[in-house]
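Observations on the model geometry
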Amino acid sequence: MYDVIVVGAGHAGCEAANVAAKLGSKVLLITMNMETIAKMSCNPAMGGVAKGQIVREIDSLGGMSGIVSDYSMMQFRMLNTSKGPAMWSPRSQNDRTMFSLKWRQILEHNLNIDFTQDSVNQIIIEKNIAIGVETSSGNKHFAKSVIVTSGTFMNGIIHIGRKQMTGGRMGDKASHGITEQLVSLGFEAGRMKTGTPPRVDGRSINYSVLEEQKGDDDPKCFSFRQPTKIEKQHSCHITYTNEDVHDTLRESFEDSPLFNGTIQGAGPRYCPSIEDKINRFAERNRHQIFVEPEGWDTFETYINGFSTSLPQDVQYKALRKIKGFENAKIFRPGYAIEYDFFFPTQLKNTLETKGVKNLFFAGQINGTTGYEEAACQGLMAGINAHQSVEDQTPIVLRRSDAYIGVLIDDLVNKGTKEPYRMFTSRAEYRILLRQDNADLRLMPVAYKLGTISSKEFDVAESKRLNVEKLNKIVAKKTTTPKEVNPILIKHNTAEIPQNYIIEKILARPQIKSKHLLEIDSINKWMSEYTEEEIEQVEILIKYQSYIKSEKENVEKLIKLENYQLDPNFDYNALLSLSLEARDKLSQIKPKNIGQATRISGVSPADVSVLLVHFGR
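About the criteria used
- Residues numbered from 1 in each chain as written.
- Predicted model: local features only at pLDDT ≥ 70, side-chain atom pairs only at ≥ 80, totals over all residues.
- Heavy atoms only, no water.
- Core = buried A, V, L, I, M, F, W, Y, C linked by side-chain atoms within 4.5 Å.
- Buried < 20%, exposed > 50% of the residue type's maximum accessible area, 1.4 Å probe, protein only.
- Helix = DSSP H or I, 4+ residues; strand = E, 2+ residues; numbered from the N terminus.
- Contact = heavy atoms within 4.5 Å.
- Expected span 1.5 Å × (residues − 1).
- Arc of directions from axis to C-beta.
- Polar contact = N/O pair within 3.5 Å; in protein donor to acceptor, adjacent residues only side chain to side chain.
- Pairing = 2+ DSSP bridges.
- Axes fitted to C-alpha atoms, helices over the stretch in contact; angles between N-to-C directions.
- Phe/Tyr/Trp six-rings, centres within 6.5 Å; stacked < 30°, edge-to-face > 60°.
- Lys NZ or Arg CZ within 6 Å of the ring centre and 35° of its normal.
- Salt bridge = Lys/Arg side-chain N within 4 Å of Asp/Glu carboxyl O.

Observations regarding the nonpolar core
- Counting 95 residues, the largest nonpolar core has Trp103, Val146, Ile147, Leu359, Phe361, Met380 and Ile404 as its most contacted members.
- A per-element tally of this core places helix α9 (residues 371-389) first, with nine residues.
- Ignoring any residue separated from it by four or fewer positions in sequence, one finds valine 146 in contact with Ile5, Val7, Ile123, Ala130, Gly132, Val133, Asn358, Leu359 and Phe360.

Some thoughts on helix α4 (residues 96-108)
- In this model, α4 (13 residues) spans 19 Å end to end at C-alpha, consistent with the 18 Å of a helix rising 1.5 Å per residue.
- All of the buried residues along α4 are Arg96, Phe99, Ser100, Lys102, Trp103, Ile106 and Leu107. Angular distribution of buried residues about the axis of α4 spans 160°; they occupy a single face of the element. Residues Thr97 and Leu101 are exposed on α4 and point more than 90 degrees away from its buried face.
- By the N-cap criterion, in which a side-chain oxygen at the helix start approaches the backbone nitrogen of a residue two or three places on, α4 is capped by aspartate 95, the distance to threonine 97 being 3.1 Å.

Some details on the sheet that holds strand β16 (residues 288-293)
- Sheet architecture is open: six strands sit in the order β14-β15-β16-β17-β13-β18, paired in antiparallel fashion. Only two strands of the sheet have a single partner each, and these edge strands are β14 (211-213) and β18 (330-332). Averaged over all adjacent pairs, the angle separating strand axes in this sheet is 35°, with direction ignored.
- As paired strands, β14 and strand β15 (residues 236-240) are joined by three bridges and run antiparallel to one another. Paired with glutamine 213 across the bridge in β15 is cysteine 236.

Re the packing of aromatic side chains
- Under the criterion given, the structure shown has ten aromatic pairs.
- Taking 4.8 Å as the distance between ring centres and 65° as the angle between the ring planes, the aromatic pair formed by phenylalanine 341 and phenylalanine 343 counts as edge-to-face.
- Residue phenylalanine 341 is classed as buried on the basis of its relative accessible area of 1%.
- Geometrically, the ring pair formed by phenylalanine 569 and tyrosine 571 is edge-to-face, given 5.0 Å between the ring centres and 75° between the ring planes.
- A residue is classified by how much of its surface remains accessible, and tyrosine 571, at 1% relative accessible area, is buried.
- An aromatic cluster is defined as three or more aromatic residues linked by ring pairs; in this entry it consists of Phe187, Phe342 and Phe361.
- Note that lysine 232 overlies the ring of tryptophan 296, its terminal NZ or CZ placed 4.8 Å from the centroid.
- The lysine or arginine in question, arginine 426, covers the ring of tyrosine 420, its NZ or CZ lying 4.2 Å from the ring centre.

Quick word on the pattern of salt bridges
- Under the definition given, this model contains 35 salt bridges.
- With a closest N to O distance of 3.0 Å, arginine 441 and glutamate 57 form a salt bridge. Note that arginine 441 is positioned in helix α11 (residues 438-449) and glutamate 57 in helix α2 (residues 51-60), a separation of 384 residues in sequence. As far as burial versus exposure is concerned, arginine 441 and glutamate 57 are alike and both buried.
- Taking the shortest distance from any N to any O, the salt bridge between aspartate 172 and arginine 169 comes out at 2.7 Å.
- For aspartate 172, a relative accessible area of 13% puts it in the buried group.
- Within this structure, Arg399, Asp409, Asp410, Lys414, Glu428, Glu561 and Arg598 form a network of salt bridges that share partners.

Put into structure tokens, the structure is as follows:
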């Protein structure tokens, strides 16, 4: 008898198993292939816009994705630095093999985790409670809770042109049985599609004619808890498609499963295949292609931007018409994959299913796309499965707490009919949810829960105290015209006629903290603080009005979330509500008024009806 069984060892499954075991649960991790634990099935990269924030939040909550990403990093770039700090997003290029091996090492060193290589085809359910799983080999494993992280494996079908084969990804079998069982119990399932580009032999690419994309001069890392900076970096490269490439692809559209009706599942809106791009954006004569290395010790290269399910000979022909790819050789063809998912409105905000107690879903089974989105769901499902087993209060992050809170809230309340991807625009409090302050936001939660050590928490607490201290200092200390005017002139901002408070100088958009550190008298005391602490203070000063406004909005949201709703309330009896609101509220059963406001189809007028009815 285990406390938690985790089905699947992708990014969601690894985080779920590790955190539940770290908290003290006895965990069984079941995977169809021990050699592909935490495999990067698509691009060999972590982070990116909003995704980088999620990786740092996972790290701050005691997860391992940030540490593994830093360990296997080949290149680091901070994206969107020309924009405000809410948009800054860390991204790494990773060694695919090192990433997977590091995850396996971490899991095997966690002695609360057992492993078995098998395929689960049934959840064992008694009296509407999940109590274990049954595998295709006839084995039964029992536990107090079950987390399903099936990725793209449930009834997976791979498409390459008109050829089809069953599989969860190229080279791995699909899994069968779980969808059919849960649908028979009343769960609503759907189909989604995703794809991957061909992998090319790097020895056959002419890099001399490609645009080189180097990493940052001062590379950072994802992890606050075990920061490990990369010492050398591997360049990526950029090239473009052209009209010849597009014409070659168009000639075979009738063989594309996307266009001939073979694929029924919804594909990712923000990561379309190359054939979808040239069809939807016919006016464009080229599309950007990122040439990304798969590892330090391999020539296998990921062709980011050329995801396709066209026949292999067409892929080959079109690739060779791209600049630098005239002699390209394909290691593995691109393909599309269709798979089952369950509509996430059937989940509680703990990621436990509403239909079956102690059954949790995490990752692509909930309709998301991306390693980072999957990993954070696995982390929260693992935490809450453990909390359920121990009869402890579940951990639910609000939209104002983390991007993880935004993601889960969106899934549970709004649902999704296409692969869900996180963006900064999805977070209404994004100036509060920056990548640089994830440790300050979430480590107190993690420390109280027990997923980080006191030593790790003390580092974050020291940072918080130093930020407060430095903030007070710059609000009082002054600088002279003689000291600062040369810098102000240099950066095209008005000179000061008299002594000025440093805070007011730093509030100017043209002036950065690094400029003030050029002044000896300021450098003398400011350099006592770390780069991260100084950056925090600069952000707080420059964006203080925005931060204040968002905090006020958060307080209003929290008030609404304090108004609890009866989960058994009959909304159909409240005729003042719109018909759509009655349907959605009855389906989702929100816990509070705040959650009700975020359900698609529930209008402000409907919210007013609820407030009046419940005496608010």
